[in-house]
Amino acid sequence: MAFTVSVGEADFAALRNENAYYVDKTEILYELVHDTKNKVTLFTRPRRFGKTLMMSMMENFFDIRKDSRTLFEGLDVLKHAAFCEEWMNQYPVLFISFKDIEAEDFEAAYDMLKVRLS
């Protein structure tokens, strides 16, 4: 099986469907739910460090509107069968990325944000 290198792709499903290289970080799904008591988790990393890709992976895992089992085949999270049965594609998800909101001033950025949220 040949893998492709996809530079700058932030969509988990696209990476998996394109058979692109992907560093498996799916274990974090289990750890966040099973090993923490967090009500909120904040991911802080520098620009271009994979935050949007991580959130896309989470969206694909939890979103009730999706059937994601094939996307996660061969990845670490599926080692936790009971967890996947309980959590995979069982919840409504609202996924909003602000990565493309760039502007010269506050008003322009605010206008872009309003469009994104609408």
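Structure's up top.
Quick look at the structure, then.

What about the overall build of the protein?
In terms of helices and strands, the protein carries five helices and zero strands. Put simply, the protein runs from its N terminus to its C terminus through helices and strands in the order α-α-α-α-α. When the backbone C-alpha atoms are referred to their principal axes, the protein occupies close to 50 × 40 × 25 Å. Buried positions account for 28% of the 118 residues belonging to the protein.

A few points about the pattern of salt bridges
The final tally for this structure, using the stated rule, is four salt bridges. Among the salt bridges present, the one from Glu59 reaches Lys66, with a minimum N-O distance of 3.8 Å. Here Lys66 falls in the partly exposed class, since its relative accessible area comes to 30%. Asp63 is the salt-bridge partner of Arg65, the closest N and O atoms lying 2.8 Å from each other. Residue class for Arg65 comes out exposed when judged on its relative accessible area of 63%.

Quick look at the packing of aromatic side chains
Counting across every chain of the model gives 10 aromatic pairs. With a centroid separation of 5.4 Å and 80 degrees between ring planes, the pair formed by Phe61 and Phe72 is classed as edge-to-face. With Phe61 in helix H3 (residues 51-62) and Phe72 in the loop between H3 and helix H4 (81-87), this residue pair connects regions lying 11 residues apart in the sequence. For the pair Phe61 and Phe72, one class covers both residues: buried. An aromatic cluster is defined as three or more aromatic residues linked by ring pairs; in this entry it consists of Phe12, Tyr22, Tyr30, Phe61, Phe62, Phe72, Phe83, Trp87 and Tyr91.

Looking at unusual backbone geometry
Residues other than glycine seldom take positive phi values, yet Asn19 does so here, at roughly 60 degrees. Positive phi is not limited to glycine here, since Asn89 has a value of about 55 degrees. Along the chain, Asn89 falls in the loop between H4 and helix H5 (106-117).

Conventions and cut-offs
- Position numbers for residues start from 1 in each chain and track the written sequence from start to end.
- In keeping with the model being predicted, local features are shown solely for residues with a pLDDT of at least 70 and side-chain atom pairs are shown and tallied solely at 80 or more, while totals for entire chains, interfaces and linings include all residues.
- Heavy atoms from the whole structure form the basis of all side-chain values; hydrogens and water molecules are not counted.
- Put simply, DSSP H or I for four residues or longer makes a helix, DSSP E for two residues or longer makes a strand, and each gets a number counted from the N terminus.
- Only protein chains enter the area calculation, which uses a 1.4 Å probe; residues under 20% of their type maximum are buried, those over 50% are exposed, and those in between are partly exposed.
- Salt bridges are defined by distance alone: a side-chain nitrogen of Lys or Arg within 4 Å of a carboxyl oxygen of Asp or Glu.
- Classification of ring pairs rests on two measures: the distance between centres of Phe, Tyr or Trp rings, Trp counted by its six-membered ring, which must be within 6.5 Å, and the angle between planes, read as stacked under 30 degrees, edge-to-face over 60 and tilted in between.

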